Amino acid sequence: VGAEDEYFVQGEVQRPGRYPMTGERTLLQAISEAGGYTDFAKRSRVRVIRGKETKVFNCRRIMDQDDPDPLLEPGDIVMVLRSWFWKD
């Protein structure tokens, strides 16, 4: 199993680590599979790093269905940053 068939979730989630890419996986599904957010997660600015490109998503807007839930690609790194405020 290499980076071509897995993705990574890091930062303020309950179970950071590498996860197998089995079928399609969205950003929110990946965060859920990693046990969900910690109390310190900055939900409004979650990064997806793909190669040399970094995109930032507002997962609050995705949860409210105001923004689409993006599909991840194998090798993606989901980075949930720490908020300076409790329960961002």
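Conventions used here
Residues numbered from 1 in each chain as written. Predicted model: local features only at pLDDT ≥ 70, side-chain atom pairs only at ≥ 80, totals over all residues. Heavy atoms only, no water. Helix = DSSP H or I, 4+ residues; strand = E, 2+ residues; numbered from the N terminus. Rg over C-alpha atoms; globule rule 2.2 N^0.38 Å. Buried < 20%, exposed > 50% of the residue type's maximum accessible area, 1.4 Å probe, protein only. Core = buried A, V, L, I, M, F, W, Y, C linked by side-chain atoms within 4.5 Å. Contact = heavy atoms within 4.5 Å. Salt bridge = Lys/Arg side-chain N within 4 Å of Asp/Glu carboxyl O. Pairing = 2+ DSSP bridges. Axes fitted to C-alpha atoms, helices over the stretch in contact; angles between N-to-C directions.

Asks: What should I look at first to understand the overall build of the chain in this one?
Replies: A tally of regular secondary structure across the chain gives 2 helices and 5 strands. The order of α-helices and β-strands along the chain, N terminus first, is β-β-α-β-β-α-β. Taking 2.2 N^0.38 as the reference for a compact globule, 88 residues should give roughly 12 Å; the C-alpha atoms of the chain span a radius of gyration of 12 Å, in line with that estimate. Counting only C-alpha atoms and orienting by the principal axes, one finds that the chain spans roughly 35 × 25 × 25 Å. Put simply, the chain has 88 residues, and 38% of those count as buried.

Asks: I keep staring at the nonpolar core and nothing clicks. Help me out?
Replies: The nonpolar side chains of soluble globular proteins are, as a tendency, buried together. Ranked by size, the top nonpolar core spans 20 residues in total, and within it V9, L27, I31, C59, V78 and V80 carry the most contacts. Every element with two or more residues in this core is listed here: β1 (6–11), α1 (27–33), β3 (41–50), α2 (59–63) and β5 (77–82). Here this core gets 4 residues from one element, more than from any other, and that element is α1. If we skip the residues at most four places from it in the chain, V80 touches Q10, G11, E12, V13, I31, Y37, A41, K42 and V46.

Asks: What am I meant to see in the pattern of salt bridges here?
Replies: Two side chains with opposite charge may pair up if their charged atoms get near one another. As enumerated under the stated definition, the model contains 6 salt bridges in all. Where salt bridges share partners, they join R50, E73 and D76 into one cluster.

Asks: Please explain the sheet that holds strand β4 (residues 53–57) as it appears in this structure.
Replies: Backbone hydrogen bonds hold the strands of a sheet together, and the pairing may be parallel or antiparallel. Taking strand neighbours across the sheet as the criterion, the 5 strands line up as β2-β1-β5-β3-β4 in an open arrangement whose pairing is mixed. With partners counted over all chains shown, the strands left at the sheet margins are β2 (17–20) and β4, one partner each. Shown here is a sheet whose adjacent strand axes are inclined to one another by a mean of 25 degrees, direction ignored. Relative to β2, β1 runs antiparallel, the two sharing 4 bridges.

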